[in-house]
Number of protein chains: 2
Amino acid sequence: MGSGEVRFIGVVTRVDGDLSTIRVYEEFCPGLLGVESYSHLIILYWFHERDDAGHRGTLQVYPRRHGVNTLRGVYACRSPSRPNPVGHTVVELVGVDGCELTVRGLDAIEGSPLVDIKPYSPRSDSFPEARTPDWSKNGPPS
Amino acid sequence: MGSGEVRFIGVVTRVDGDLSTIRVYEEFCPGLLGVESYSHLIILYWFHERDDAGHRGTLQVYPRRHGVNTLRGVYACRSPSRPNPVGHTVVELVGVDGCELTVRGLDAIEGSPLVDIKPYSPRSDSFPEARTPDWSKNGPPS
């Protein structure tokens, strides 16, 4: 089946309400060239507090934050307990200061390692009419 | 800086035009419970042909597929050569047959290992008005 290694490229250094500060490690900082020309970014991060056999062995959950008691597969919800603890959030880019980004809407706790940053492009990433089950319309956005 | 391990949960078994078949390994297949209630999914996969020191050491590229000769950081474009070779595509879910998904629009070659599948939710993932640089509007969608 195989496996791969991710090297963490930075860290979430601060969470203050809906604003978060991300520090990209100096080694990877040249990768930010031009990032300010985008209003939104896709942040992939590591659920480091779920990186253990128990959480990574989770395949079905009750998405109770959404007020439902129906068992769902982890590939049909955004549970942080899942085989690969990779989180995904689309954020608004508020500011760039050297190797530091300020973003709005990142759903990651302080200290979360960063896996990747990708520019958000409506052409490939925005599907406003996508269908979701009714339960997902309650509670937090993801 | 640290690192993490991803275990591949499946593979892209077939690409036929804009349709692709994904097989989730039996071990992880219970994670698909309820996935058919979504019209779109986020697929995270592994650029396995770029998983070497050269490609993973790439921090800046010329996005020539988009007809530009301006150097860009890998975090300001969707280059498959990047420190962590994780690909991200939003796809339309066409069908589910046991552990196999048929999807439309996956930008991955046959044999690509799967890292994660997340349901797409417009509430958190759709930003039709997001700003992008002019060059990204030419060429392929990502």
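Residues numbered from 1 in each chain as written. Chains lettered and ligands numbered in written order. Predicted model: local features only at pLDDT ≥ 70, side-chain atom pairs only at ≥ 80, totals over all residues.

**Considerations on the overall build of chain A**
And step 1. Within chain A, the regular secondary structure consists of two helices and nine strands.
And step 2. Of the regular secondary structure in chain A, the N- to C-terminal order runs β-β-β-β-α-β-β-β-β-β-α.
And step 3. Against the compact-globule benchmark of 14 Å for 142 residues, chain A has a radius of gyration of 16 Å, which places it among compact chains.
And step 4. The dimensions of chain A, computed from C-alpha atoms along their principal axes, are 45 × 35 × 30 Å. (Helix = DSSP H or I, 4+ residues; strand = E, 2+ residues; numbered from the N terminus. Rg over C-alpha atoms; globule rule 2.2 N^0.38 Å.)

**A closer look at the interface of chain A and chain B**
Buried accessible area, meaning the area lost when the parts come together, often serves as the stated size of an interface.
And step 1. With 63 residues of chain A at the interface, the matching set in chain B holds 63 residues.
And step 2. Examining the composition of the side of chain A that touches chain B, we find that six residues originate from one element, strand S9 (residues 113-119) of chain A, more than from any other.
And step 3. For the side of chain A that touches chain B, the residue count by class is 34 nonpolar, 18 polar and eleven charged.
And step 4. Across five bridges, strand S1 (residues 3-7) of chain A lies against strand S1 (residues 3-7) of chain B in antiparallel orientation. Looking across to S1(B), one finds that A:Arg7 is bridged to B:Ser3. (Contact = placed C-beta atoms within 7 Å. Nonpolar A, V, L, I, M, F, W, Y, C, P; charged D, E, K, R; others polar. Pairing = 2+ DSSP bridges.)

**Focus on the sheet that holds strand S4 (residues 40-46) of chain B**
Residue and element names in this part refer to chain B.
And step 1. Reading around the barrel, the six strands line up as S2-S3-S8-S7-S4-S9 and close back on themselves, with antiparallel pairing between neighbours. The mean angle between the axes of side-by-side strands here comes to 45°, regardless of whether they run parallel or antiparallel.
And step 2. Of the pairings in the sheet, the one linking S4 to strand S7 (residues 86-97) comprises seven bridges and is antiparallel in character. Looking at S7, one finds that Leu 41 is bridged to Val 91. (Axes fitted to C-alpha atoms, helices over the stretch in contact; angles between N-to-C directions.)

**A short note on the domain arrangement of chain A**
And step 1. Taken as a whole, chain A is organised into domain 1 (1-47 + 85-120) and domain 2 (52-83).
And step 2. The C-alpha-based centres of domain 1 of chain A and domain 2 of chain A are spaced at 24 Å. (Domains from an automatic or database assignment.)

**A word on the pairing of strand S3 (residues 19-24) of chain B**
One face of the sheet, then the other: side chains in a regular strand alternate in exactly this way.
Residue and element names in this part refer to chain B.
And step 1. Taking every second residue as pointing to the same face, the buried face of S3 carries Ser 20, Ile 22 and Val 24, while none of Leu 19, Thr 21 and Arg 23 on the other face is buried.
And step 2. Of the pairings in the sheet, the one linking strand S2 (residues 10-16) to S3 comprises six bridges and is antiparallel in character. Bridge pairing in S3 links Arg 14 to Thr 21.
And step 3. Connecting the antiparallel pair S2 and S3 is a turn made up of two residues, with Gly 17 showing a positive phi of about 65°.
And step 4. Strand direction decides the pairing type here: S3 and strand S8 (residues 100-104), joined by five bridges, are antiparallel. In the sheet register, Ser 20 faces S8, and the bridge partner there is Val 103. (Buried ≥ 20, exposed ≤ 12 C-beta atoms within 10 Å, placed from the backbone.)

**Remarks on the environment of A:Ala130**
And step 1. Secondary-structure assignment places A:Ala130 in the segment after helix H2 (122-125).
And step 2. Not counting the four nearest positions on each side in its chain, A:Ala130 is found in contact with B:Ser39, B:His40, B:Tyr120, B:Pro122 and B:Ser126.

**A word on the relation of the copies chain A and chain B**
And step 1. It takes a turn of 180° to lay chain A on chain B, together with a shift of 0.0 Å along the axis; the resulting RMSD is 0.0 Å. Taken together, these values place the two copies in the relation of a two-fold axis.
And step 2. By residue overlap, the copies meet face to face through one surface: 100% of the interface positions of chain A are interface positions in chain B. (Least-squares fit on C-alpha atoms with pLDDT ≥ 70 in both.)

**Observations concerning the sheet that holds strand S7 (residues 86-97) of chain A**
Residues and elements named next belong to chain A.
And step 1. In spatial order, the strands read S2-S3-S8-S7-S4-S9; together these six strands close into a barrel with antiparallel pairing. Between one strand axis and the next, the sheet turns through 45° on average, direction left out of account.
And step 2. Examined bridge by bridge, strand S2 (residues 10-16) and S9 share two bridges and lie antiparallel to one another. What sits directly across from Val 11, in S9, is Pro 113.

**So, the nonpolar core**
For soluble globular proteins, the rule of thumb is that nonpolar side chains tend to be buried together.
And step 1. Counting 70 residues, the largest nonpolar core has A:Leu41, A:Val115, B:Leu41 and B:Val115 as the members making the most contacts within it.
And step 2. Among residues more than four places away in sequence, those in contact with A:Val115 are A:Val6, A:Phe8, A:Ile9, A:Leu44, A:Tyr45, A:Trp46, A:Val86, B:Asn84 and B:Val86. (Core = buried A, V, L, I, M, F, W, Y, C linked by C-beta atoms within 7 Å.)

**Some thoughts on the environment of A:Val91**
Residue and element names in this part refer to chain A.
And step 1. Counting through the fold element by element, Val 91 comes out in strand S7.
And step 2. Sequence-wise, Val 91 and Arg 104 are 13 residues apart; in three dimensions their C-alpha atoms are separated by 5.5 Å.
And step 3. Beyond its immediate chain neighbours, meaning those up to four positions away, Val 91 contacts His 40, Leu 41, Ile 43, Val 103, Arg 104, Gly 105 and Leu 106.

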